[in-house]
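# Observations on the model geometry
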Amino acid sequence: MSDYLDQVVRFVCQCKFEDLPQSVVDRSKQVVADTLAVMVAGAQEEEVKKLTALLVKNGVANASSIIGAGVRSEALKASLINGTAGTFLELDEGNQFGRGHAAIQVIPAIFAVTEEVHLSGRDLITALVLGYEIGIRIGIACKLRMSMHPHGTWGTVGAAVSVGKLMGYREAEMRELISISASMSTATNRRTMLEGGTVRNLYSGLSSHNGLLAHYLIQSGFTGEHDGLKTVFGSVVSDTFDEEQMTAELRTRYEIARNYFKRYACCRYNHSAIDATNTILAQVPGGRILPDEIVSVEVMTYSLAAQLDSQSPCNMLAAKFSIPFAVATRIINGHAGISSFKPSAVQDPAIRALSLKVSVAEDPKLTAMMPKKRPSRVKIALTNGEVLTAEAFINKGDTEDPYTVEEMKEKYFELLDPVWGRGKAEELYGQVMDLDKISDFNQLTARMP
């Protein structure tokens, strides 16, 4: 009788593009477009540009693209840099059930290999669906230690599965690949995001890099244990691993179809507090409250979000993981987009002063609603004695309250227009939406500036 991992690798190896529901294919294209945009925009950040300059001394012809930088390099370097760039703005998609962000951890490795080996758009989509599937299922099956950041952990296995699928691995090889890549997870640190340690942005790049490296190890004759997945995610980075979650509804439930997209440029744990704040502001004349009119803002939320309570974040990353700052910058700037979390906003005296008026605490009743809900309750006390209150239980952008295709296109163009211009952005969007018709992925990347 086969074990759970045999069932997983059999599914991965046997699955073909033709087996995928059209809704899953369509969702995958949206994920590719969204991830492409966040990588391009993130590549313009100074740290990413400097890292690219240090790692890529001379462009390599017929290799993998450093997205948004206009150069090519070896696949390992491309996957590392692209994965790192895609998390800088905190706008990459995610999955609430796996409690993490799968696409930005697997797509850079997929792009690098698909481009280097001249594979098709259908190959890319299939690898994305499967790598995303296995990565998220690991996230569901285990409960990572609270001290760990989810980037750089199960995403490594997801990236490896995607690469193995692209390279035509058979079942025995795929099982070995999964076991090896599980042991290449990183000792990630959740404190980095709270303190503004931007090394955290590297974690997703390491997932893609190490997942691809696991493929090279297999080709070199390296081996793993019989079930490295269960060992690592059941006793090393987590104390529990539910094997049944790895196979539940396999072939009928696709995790990429249960993902969420983001329009707020900050940690998703902030989003329900921002949504509740939006509801309050929509009810006041003119849709605005002046900072001087506010006595206090009280945010009650679930356990994970309650950790994001810093009232004086030190830099852009820390601001993205601060509910007080996110609520304050939303009230003052009128939105929670990229500019609301830029260094200039982080140092804005008015926003910093309002952040000090925002308190955050856990409500156990709200915590009990996880993971299906990510609730927050916001109460704003005004100087005139009025108290405004609103709740949000489902983040805007979640599967239960998704953004429309048009809203996601708006985000795509907001990110790409400043970098590549509307004409090029529109051309590439059309290519991504026709990805299943492209015989060689280089047909798309060759059009990138």
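Look up a bit, the structure's there.
Note that this is a predicted model, so its numbers are computed, not measured.

## Topic: the sheet that holds strand 5 (residues 294-301)
Judged by pairing direction, the sheet is mixed, and its 4 strands sit side by side in the order 6-5-7-8 without closing on themselves. The sheet is open, and its two edges are formed by strand 6 (358-362) and strand 8 (387-392), each paired on a single side. Looking at each pair of strands side by side, their axes are set apart by 15 degrees on average, direction ignored. Bridge analysis of strand 5 against strand 6 gives 5 bridges, and the strand direction is parallel. Residue pairing for strand 6: Val-297 is matched across the bridge by Val-358. Where helix 13 (residues 271-282) meets the sheet, its contacts fall on strand 5, strand 7 (376-382) and strand 8, and the angle it forms with strand 8 comes to roughly 135 degrees.

## What to know about helix 10 (residues 202-220)
Because an α-helix completes one turn every 3.6 residues, residues spaced three or four positions apart along the sequence face the same direction. Here helix 10 is 19 residues long and its end C-alpha atoms lie 26 Å apart, about the 27 Å a rise of 1.5 Å per residue gives. Positive phi appears at Gly-221, one or two residues downstream of helix 10, with a value of about 100 degrees.

## A look at the packing of helix 2 (residues 22-42) against helix 5 (residues 103-116)
Running from N to C, helix 2 and helix 5 cross one another at 90 degrees; their axes reach a closest spacing of 10 Å. With respect to helix 5, the element helix 2 is oriented roughly perpendicular. Every residue of helix 5 that contacts helix 2 at Val-31, Val-32, Thr-35, Leu-36 and Met-39 is listed here: Ala-103, Ile-104, Ile-107, Pro-108 and Phe-111. By residue class, the composition of the contact of helix 2 with helix 5 is 9 nonpolar, 1 polar and no charged.

## Here's the deal with the side chain of Thr-84
Along the chain, Thr-84 turns up in helix 4 (residues 75-85). Separated by 2.8 Å, the side chain of Thr-84 and the backbone oxygen of Leu-80 make a polar contact. Not counting chain neighbours up to four residues away, the residues in contact with Thr-84 comprise Asn-201, Leu-202, Ser-204 and Gly-205.

## What about the environment of Arg-253?
Within the element layout of this structure, Arg-253 appears in the loop between helix 12 (243-247) and helix 13. Along the chain, Arg-253 and Glu-133 lie 120 residues apart, while their C-alpha atoms are 9.2 Å from each other. Looking at Arg-253, its side chain comes within polar contact range of the side chain of Glu-255, at 2.8 Å.

Rules of the game
Residues numbered from 1 in each chain as written. Predicted model: local features only at pLDDT ≥ 70, side-chain atom pairs only at ≥ 80, totals over all residues. Heavy atoms only, no water. Pairing = 2+ DSSP bridges. Helix = DSSP H or I, 4+ residues; strand = E, 2+ residues; numbered from the N terminus. Axes fitted to C-alpha atoms, helices over the stretch in contact; angles between N-to-C directions. Contact = heavy atoms within 4.5 Å. Expected span 1.5 Å × (residues − 1). Parallel < 35°, antiparallel > 145°, perpendicular 65-115°, else oblique. Nonpolar A, V, L, I, M, F, W, Y, C, P; charged D, E, K, R; others polar. Polar contact = N/O pair within 3.5 Å; in protein donor to acceptor, adjacent residues only side chain to side chain.

The values are spatial; any link to function lies outside them.
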